[in-house]
Amino acid sequence: MILEDIRFMEQAIAEAEQAKKMGEVPIGAVIVKGGQVIATGYNLRETLQDATAHAEIVAIHSASQKLRTWRLSGCTLYVTLEPCPMCAGAMVQSRIDRLVFGAYDPKAGCAGTLMNLVQEARFNHQVEVEGGILQEHCSEILTDFFRRLRQKKKFSSDQE
């Protein structure tokens, strides 16, 4: 783990906190090129009612707009949770060089946990992967969010 990875993961965590404030699942993403943040994103699935509005997809779209190309070669994507199949596929398709994620996802992780789509040798592009950066903090944000959501649901059902 290098200091730069920690610094950019902290920025991804700040993006996750923005999602949490909006009632979204708190996942944040940051895309870096040449040591500079070029795009950020956080979950907007509930806000936009769009199943594809994951933090990674939002950030990839923003980076492509900024760089005026769909090829994100030379970029590193930092995200607080291991990417799902859709987001892993988007990383391969956009030619992102490197993925750094925080928490492992035993239910949908496709950067090594359930499968490893980002490093599948049959694809024409593979992504370098570093997982578990600030894992405890990233996991804690998600655990706390879902704990509060369950408590809120329980409280509202008790009131009926």
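Each remark here, short or long, concerns the structure printed above.
All values derive from a computational prediction rather than experimental measurement.

Remarks on the pattern of salt bridges
Phase 1 of the analysis: Under the counting rule described, the total for this entry stands at seven salt bridges.
Phase 2 of the analysis: Where Asp144 meets Arg148, a salt bridge forms, and the shortest distance between an N and an O atom there is 3.0 Å. Taken together, the residues Asp144 and Arg148, both in helix α5 (residues 135–158) and four residues apart, mark about one turn of the helix.
Phase 3 of the analysis: Each of Glu17, Lys20, Asp144, Arg147 and Arg148 takes part in one network of salt bridges that share partners.

Here's the deal with the pairing of strand β1 (residues 28–33)
For a regular strand, side-chain orientation follows a simple rule: the groups alternate between the two sheet faces.
Phase 1 of the analysis: The buried count for β1 comes to five of six residues, which makes it a mostly enclosed element.
Phase 2 of the analysis: Alignment of β1 against strand β2 (residues 36–42), held across six bridges, turns out to be antiparallel. Bridged to Lys33 within β2 is Gln36.
Phase 3 of the analysis: Linking β1 back to β2 in an antiparallel pair, the connection comprises two residues, with Gly34 at a positive phi of about 60 degrees.
Phase 4 of the analysis: Pairing between β1 and strand β3 (residues 75–81): five bridges, direction antiparallel. Each residue of the ladder has a partner; that of Val30, found in β3, is Tyr78.

So, the layout of surface pockets
Over the atoms a probe the size of a water molecule is rolled, and this reveals where empty space is left.
Phase 1 of the analysis: Approximately 450 Å³ is the volume attributed to the largest pocket.
Phase 2 of the analysis: Sort the elements by how many residues they give to the lining of the largest pocket and α5 lands first, with four residues.
Phase 3 of the analysis: Tallied by class, the residues present in the lining of the largest pocket amount to 11 nonpolar, four polar and five charged.

Re the environment of Gly41
Phase 1 of the analysis: The residue Gly41 is located in strand β2 in this model.
Phase 2 of the analysis: Ignoring any residue separated from it by four or fewer positions in sequence, one finds Gly41 in contact with Glu15, Ile27, Gly28, Ala29, Ala55, Val58 and Ala59.

Looking at the sheet that holds strand β4 (residues 98–103)
Phase 1 of the analysis: Across the sheet, which stays open at both edges, the five strands sit in the order β2-β1-β3-β4-β5 with mixed pairing between neighbours. Edge positions in the sheet fall to β2 and β5 (128–130), since each of these pairs with one other strand and no more. Neighbour-to-neighbour, the strand axes of this sheet turn through a mean angle of 20 degrees, independent of strand direction.
Phase 2 of the analysis: Contacting β1, β2 and β3, helix α3 (residues 55–67) crosses the sheet at an angle of about 140 degrees to β2.

Examining the packing of aromatic side chains
Phase 1 of the analysis: Evaluation of the coordinates by the stated rule reveals three aromatic pairs.
Phase 2 of the analysis: Consider the rings of Phe8 and Tyr78, whose centres lie 5.4 Å apart with planes at 45 degrees: the pair is tilted. Of this pair, Phe8 sits in helix α1 (residues 3–21) while Tyr78 sits in strand β3, and the two are 70 residues apart along the sequence. For the pair Phe8 and Tyr78, one class covers both residues: buried.
Phase 3 of the analysis: Taken together, a centroid distance of 5.2 Å and an interplanar angle of 80 degrees make the contact between Phe145 and Phe146 edge-to-face.
Phase 4 of the analysis: Lying over the aromatic face of Phe8, Arg7 brings its terminal NZ or CZ to 4.3 Å of the ring centre.

Thoughts on unusual backbone geometry
Phase 1 of the analysis: Even without being glycine, Arg68 reaches a positive phi, approximately 60 degrees.
Phase 2 of the analysis: By relative accessible area, Arg68 is classed as exposed at 77%.
Phase 3 of the analysis: Non-glycine residue Leu134 carries a positive phi angle of around 55 degrees.
Phase 4 of the analysis: Mapping Leu134 onto the fold places it in the loop between β5 and α5.
Phase 5 of the analysis: Look at Leu134 and you get partly exposed, because its relative accessible area is 24%.

About the thresholds
Residues numbered from 1 in each chain as written. Predicted model: local features only at pLDDT ≥ 70, side-chain atom pairs only at ≥ 80, totals over all residues. Heavy atoms only, no water. Salt bridge = Lys/Arg side-chain N within 4 Å of Asp/Glu carboxyl O. Helix = DSSP H or I, 4+ residues; strand = E, 2+ residues; numbered from the N terminus. Buried < 20%, exposed > 50% of the residue type's maximum accessible area, 1.4 Å probe, protein only. Pairing = 2+ DSSP bridges. 1 Å grid on protein atoms, 1.4 Å probe; cavity = no way out; pocket = protein on both sides within 12 Å on 5 of 7 lines; lining within 4 Å. Points joined across faces, edges and corners; volume = space filled by probe spheres on them. Nonpolar A, V, L, I, M, F, W, Y, C, P; charged D, E, K, R; others polar. Contact = heavy atoms within 4.5 Å. Axes fitted to C-alpha atoms, helices over the stretch in contact; angles between N-to-C directions. Phe/Tyr/Trp six-rings, centres within 6.5 Å; stacked < 30°, edge-to-face > 60°. Lys NZ or Arg CZ within 6 Å of the ring centre and 35° of its normal.

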